[in-house]
Structure formats: C-alpha cells, structure tokens
Amino acid sequence: MEEKKKASSAHMRATAKWEKENYDKVLVRFPKGTKEKILNSGAKSVNGYIVEAVIEKLNNI
C-alpha cells in the first residue's frame, strides 16, 4: 500500500498564511439536528450549503 505523504511544516505555514489573507473565518452554531437536516437535503457539505445560502441572501439585498 502506498503511504500518504504528510505536509511539511513549511507547507502548513504557507497554507495557513494564504488562508488568512484570502478568507474570513466565521464560527456559527446551530441547534442540534441542523447539520443532519442540511446533509439530508442533498448538500455535499455543511460548509458549502452555508456559504451558498449566505451568498444568495447577500445578492438579494
């Protein structure tokens, strides 16, 4: 079996720096069960669903 390569510490630092410069991170909390409802809706990921919903809402302002 092929062993998975681990990212070097330099690569992880570079990735963290790039993310800090290019993304805003926001912590959101939902009532218990919301995650399952989102995933059962056919969404590929919770994050993707939330991002799409927020952008759609902002475009309608």
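Each residue is numbered by its place in its chain's sequence as written, counting from 1. Only residues with pLDDT of at least 70 are given local features in this predicted model, and only at 80 or more are side-chain atom pairs given and counted; all residues enter the totals for whole chains, interfaces and linings. The side-chain quantities take in all heavy atoms of the structure and omit both hydrogens and water.

Draft legend 1. Here's a closer look at the layout of surface pockets. Roughly 250 Å³ of internal volume is contained in the largest pocket. Contributing to the lining of the largest pocket are Asp24, Val26, Leu27, Val28, Phe30, Val46, Asn47, Ile50, Val51 and Val54. Residue classes follow a fixed rule: Ala, Val, Leu, Ile, Met, Phe, Trp, Tyr, Cys and Pro count as nonpolar, while Asp, Glu, Lys and Arg count as charged, and any other residue, Gly among them, counts as polar. Class assignment of the residues belonging to the lining of the largest pocket gives a composition of eight nonpolar, one polar and one charged. With a 1 Å grid laid over protein atoms only, a set of points is called a cavity when a 1.4 Å probe fits there but cannot get out and a pocket when it is open yet has protein on both sides within 12 Å along at least five of seven lines; lining residues have an atom within 4 Å of a point. Grid points are joined across faces, edges and corners, and a volume is the space filled by probe spheres set on the points.

Draft legend 2. Fine view of a nonpolar patch on the surface. Each patch is built from salt-bridge-free residues with over 30% relative accessible area, joining like charges within 9 Å and nonpolar side chains (Val, Leu, Ile, Met, Phe, Trp, Tyr) within 5 Å. Only the protein chains shown count as cover for residues, with accessible areas throughout obtained via the Shrake-Rupley method and a probe of 1.4 Å. Any carboxyl oxygen of Asp or Glu that lies within 4 Å of a side-chain nitrogen of Lys or Arg is treated as forming a salt bridge with it. A surface patch of nonpolar side chains, amounting to about 300 Å² of accessible area, comprises Val26, Val28 and Phe30. The way it works is that DSSP assigns letters per residue, a run of H or I at least four long becomes a helix, a run of E at least two long becomes a strand, and they are numbered from the N terminus. Within the secondary structure, Phe30 is located in the loop between helix 1 (9–22) and helix 2 (34–40). For the exposure calls, accessible area comes from a 1.4 Å probe over protein chains only, and a residue counts as buried if that area is under 20% of its type's maximum, exposed if over 50%, partly exposed in between. Using a relative accessible area of 46% as the deciding quantity, one classes Phe30 as partly exposed.

Draft legend 3. Just the packing of aromatic side chains, in detail. Aromatic pairs are defined between Phe, Tyr and Trp rings, using the six-membered ring for Trp, whenever the two ring centres lie within 6.5 Å; interplanar angles under 30 degrees are classed as stacked, those over 60 as edge-to-face, and all others as tilted. One pass over the structure, following the stated rule, counts one aromatic pair. Here the aromatic rings of Trp18 and Tyr23 are separated by 5.5 Å at their centres, their planes lie at 70 degrees, and the arrangement is edge-to-face. Judged by relative accessible area, which is 47%, Trp18 ranks as partly exposed.

Draft legend 4. Structural context of the pattern of salt bridges. Following the criterion strictly, the structure yields two salt bridges and no others. Notably, a salt bridge pairs Glu21 with Lys17, separated by 3.9 Å at the nearest N-O pair. Here Glu21 and its partner Lys17 are both found in helix 1, four residues apart, which amounts to about one turn of the helix. Here Glu21 matches Lys17 in class, with each residue exposed. With a shortest N-O distance of 4.0 Å, Lys25 and Glu19 are connected by a salt bridge. Residue Glu19 is classed as partly exposed on the basis of its relative accessible area, which comes to 31%.

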